[in-house]
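Residue-level listing of the chains:
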Amino acid sequence: MITCVIQYTLDPHQIAEFETYATTWPPIIKRCGGDLIGYYLPQEGANDYAVALIDFPTLSAYEEYRERLAADPDARQNLKHARRARCIRAEHRSFLRRV
């Protein structure tokens, strides 16, 4: 099992737009083969940082997921929404394993 950790740097004035983006993903992620643990938004402290955690059985399963995601019309539409809203300033992915 691996966990894809997506770290977002957000526009703190566009948190509501990012929340719309994040709440749109769960059925898309599931349909494309990921197991979403959750999206986490700022509550206290830094107001420009969010995280998403998605589990996959293997790295190759993640690669297959990315191919399905790229072809999914709902995924493409959600990405367009985020670009138009300019709510995401930067996005970084890391892969962790559970201990």
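Residues numbered from 1 in each chain as written. Predicted model: local features only at pLDDT ≥ 70, side-chain atom pairs only at ≥ 80, totals over all residues. Heavy atoms only, no water.

## A word on the overall build of the chain
For the record, the criterion: Put simply, DSSP marks the helices as runs of H or I at least four residues long and the strands as runs of E at least two long, and each gets a number from the N terminus on. The globule rule used here is 2.2 Å times the number of residues to the 0.38 power, and the radius of gyration it is set against is calculated over C-alpha atoms. Residue burial is assigned from relative accessible area. The probe radius is 1.4 Å, only protein chains are included, and a residue is buried under 20% of its type maximum, exposed over 50%, and partly exposed in between.
From N to C terminus, the chain includes three helices and four strands. Here the chain has a C-alpha radius of gyration of 13 Å; the compact-globule value for 99 residues is 13 Å, and the two agree. In terms of principal-axis extent, the alpha carbons of the chain reach across some 35 × 35 × 20 Å. For the chain, with 99 residues in total, the buried portion stands at 35%.

## Thoughts on the side chain of Asn 78
Defined as follows: Contacts are residue-level and defined by heavy atoms, with any inter-residue pair within 4.5 Å sufficient.
With respect to the secondary-structure elements, Asn 78 resides in helix α3 (residues 73-85). If we ignore the near neighbours within four places in the chain, the residues touching Asn 78 are Tyr 21, Thr 24 and Trp 25.

## A word on the pattern of salt bridges
Operational definition: In the sections that follow, a salt bridge refers to a side-chain nitrogen of Lys or Arg positioned within 4 Å of a carboxyl oxygen of Asp or Glu.
Counted according to the given criterion, the structure contains five salt bridges. Put simply, Asp 11 and Arg 89 hold a salt bridge, and the shortest N to O gap is 3.8 Å. Residue Asp 11 is found in the loop between β1 (2-10) and α1 (15-32), and its partner Arg 89 is found in strand β4 (residues 88-97); the two are separated by 78 residues along the sequence. Residues Asp 74 and Arg 31 are paired through a salt bridge, measuring 3.1 Å at the closest nitrogen-oxygen approach. One end of the pair, Asp 74, is in helix α3; the other, Arg 31, is in helix α1, and 43 residues separate them in sequence. Given the relative accessible area of 43%, Asp 74 is considered partly exposed. Taking relative accessible area as the criterion, Arg 31 reaches 45% and is therefore assigned partly exposed. Linked by salt bridges that have partners in common, Arg 31, Asp 72 and Asp 74 make up one network.

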